[in-house]
Amino acid sequence: MGAGDAEFEAGRTTHDVANALRAAVISGELKPGEVYSAPTLGARFGVSATPVREAMLDLVREGLVVSLRNKGFRVTEMSDDDLDDLAALRQLIEPPTVRDITPVIPADDFPRLRALAEDIVVAAKAGNLIDYIEADRVFQTSMWVCSGPSLQGLTAAIWPRAWLGLFGDEPHMLQAGETYLRIVGPTYGFFGLGLALY
């Protein structure tokens, strides 16, 4: 059983299926460049095609797969250099961001944020990739919400599909929006930096 082959009993949600599929993509269990149909993945994970289709649309919004009309979903290809670049980018952005936004987080939010961070540690120690990915996503999103518009603009420029996915999953919209945010998004960050320096 691979990282994504979680046992799905009746009643599991699209969210559960998305977590398992996300882990399968990230672990390489679902091969980059390969096309997978919803019915095939449903049989593989023990669920119907409908929750798989809905879950894969979540992954489309995250840029992990691409939807192909009447064919299925192709896993996005990323080289080791791409992954190294993403890790370096997170290392560049996250520590100073957390340092800067910590003073403005309401005191009542700290217990919840500490618990979310602990969920990441627990999942990592247990070697549970599905729980780790979900815990990391929830924590990062919670911290990002606390940041100002400057960082949000830069984040939207760096990960445009994650931002655009909040509004829809139509491929042409995602492509046009991604191009727009890569051009305009950094402006918000530089504008905020300019105000801070001024």
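Check the entry above for the structure.
How each quantity is defined
- Residues numbered from 1 in each chain as written.
- Predicted model: local features only at pLDDT ≥ 70, side-chain atom pairs only at ≥ 80, totals over all residues.
- Heavy atoms only, no water.
- Pairing = 2+ DSSP bridges.
- Helix = DSSP H or I, 4+ residues; strand = E, 2+ residues; numbered from the N terminus.
- Patch = residues over 30% accessible without salt bridge, like charges linked within 9 Å, V, L, I, M, F, W, Y side chains within 5 Å.
- Areas by Shrake-Rupley, 256 points an atom, 1.4 Å probe, with all protein chains shown as cover.
- Salt bridge = Lys/Arg side-chain N within 4 Å of Asp/Glu carboxyl O.
- Core = buried A, V, L, I, M, F, W, Y, C linked by side-chain atoms within 4.5 Å.
- Buried < 20%, exposed > 50% of the residue type's maximum accessible area, 1.4 Å probe, protein only.
- Contact = heavy atoms within 4.5 Å.
- Expected span 1.5 Å × (residues − 1).
- Axes fitted to C-alpha atoms, helices over the stretch in contact; angles between N-to-C directions.
- Parallel < 35°, antiparallel > 145°, perpendicular 65-115°, else oblique.
- Left-handed = near helix turned anticlockwise from the far one by under 90°.
- Nonpolar A, V, L, I, M, F, W, Y, C, P; charged D, E, K, R; others polar.
- Polar contact = N/O pair within 3.5 Å; in protein donor to acceptor, adjacent residues only side chain to side chain.

Asker: I'm lost on the pairing of strand β3 (residues 72–75) in this one. Help?
Answerer: Residues in a regular strand project their side chains so that they alternate between the two faces of the sheet. With 2 bridges joining them, strand β1 (residues 35–36) and β3 adopt antiparallel strand pairing. Of the residues in β3, the one forming a bridge with Tyr36 is Phe73. Relative to β3, strand β2 (residues 65–68) runs antiparallel, the two being bridged by 4 bridges. Residue Val66 lies in a different strand from β3, and its bridge partner there is Arg74. Turn length for the β2-β3 hairpin, with the two strands adjacent in sequence and antiparallel, is 3 residues, and the turn residue Asn70 shows positive phi of about 65 degrees.

Asker: When you look at a nonpolar patch on the surface in this model, what are you seeing that I'm missing?
Answerer: Residues Met78, Leu83 and Leu86 make up a contiguous nonpolar surface patch of about 230 Å² in total accessible area. Turning to its location among the elements, Leu86 is positioned in helix α4 (residues 80–101).

Asker: Explanation requested: the nonpolar core in the structure shown.
Answerer: A general tendency of soluble globular proteins is for nonpolar side chains to be buried together. Core analysis: the biggest nonpolar cluster contains 25 residues, and Leu21, Leu30, Leu41, Val52, Met56, Leu59 and Val65 have the highest contact counts within it. When contributions to this core are tallied by element, the ones reaching two or more residues are α1 (14–27), α2 (38–45), α3 (49–61), β3 and α6 (129–146). Broken down by element, the residue count for this core peaks at 7 residues, all from α1. The residues contacting Leu59, other than those within four sequence positions of it, are Ala18, Leu21, Arg22, Val25, Leu64 and Val65. One finds Ile101, Ile105, Ile120 and Met143 within the second-largest nonpolar core, a separate group that totals 8 residues.

Asker: When you look at α3 in this model, what are you seeing that I'm missing?
Answerer: Note: α-helices contain 3.6 residues per turn, so residues at a spacing of three or four share the same orientation. Between the first and last C-alpha of α3 there are 19 Å, a value that for 13 residues agrees with the 18 Å anticipated at 1.5 Å per step. Burial in α3 covers these residues: Ala49, Pro51, Val52, Ala55, Met56, Leu59 and Val60. In the stretch just after α3, Gly63 is the one whose phi turns positive, near 80 degrees.

Asker: Even after reading the chapter, I still don't get the packing of α2 against α3, so can you show me in this structure?
Answerer: For any two helices packed against each other, one specifies the crossing angle of their axes together with the interaxial distance. Between α2 and α3, the shortest axis-to-axis distance is 8 Å and the interhelical angle comes to 110 degrees. Judged on the interaxial angle alone, α3 and α2 are roughly perpendicular. Judged by the twist between their axes, the crossing of α2 over α3 is right-handed. Between α2 and α3, the contacting residues are Ala38, Pro39, Leu41 and Gly42 on the first element and Ala49, Val52, Arg53 and Met56 on the second. Its residues placed into classes, the contact of α2 with α3 shows 6 nonpolar, 1 polar and 1 charged.

Asker: It is not clear to me how the sheet that holds β1 should be interpreted in this structure. Could you clarify?
Answerer: Across a sheet, paired strands are connected by hydrogen bonds in the backbone, their directions being either parallel or antiparallel. Strand order in the open sheet formed by 3 strands is β1-β3-β2, with antiparallel pairing between adjacent strands. Each edge of the open sheet is held by one strand with a lone partner, namely β1 and β2. Across the sheet, α3 touches β2 and β3, and the angle it forms with β2 is around 125 degrees.

Asker: I would appreciate a short explanation of the side chain of Arg22 in the present structure.
Answerer: Looking at the element boundaries, Arg22 is found in helix α1. On the basis of relative accessible area, Arg22 is assigned to the buried category, the value being 6%.

Asker: What's the story with the side chain of Asn19 in this structure? I'm lost.
Answerer: Assignment of secondary structure puts Asn19 in helix α1. Within the structure, the side chain of Asn19 is placed 2.8 Å from the side chain of Arg22, a separation counted as a polar contact. Dropping the residues within four chain positions of it, Asn19 is found in contact with Ile130 and Glu134.

Asker: Would you take a moment to explain the packing of α1 against α3 for this structure?
Answerer: Two numbers describe how α1 lies on α3: the axes approach to 8 Å, and their chain directions differ by 60 degrees. Between α1 and α3, the angle falls in the class oblique. The interaxial crossing formed by α1 with α3 has right-handed handedness. Taking contact as the criterion, the partners of Thr14, Val17, Ala18, Leu21, Arg22 and Val25 in α1 are, on α3, Pro51, Val52, Glu54, Ala55, Met56, Asp58 and Leu59.

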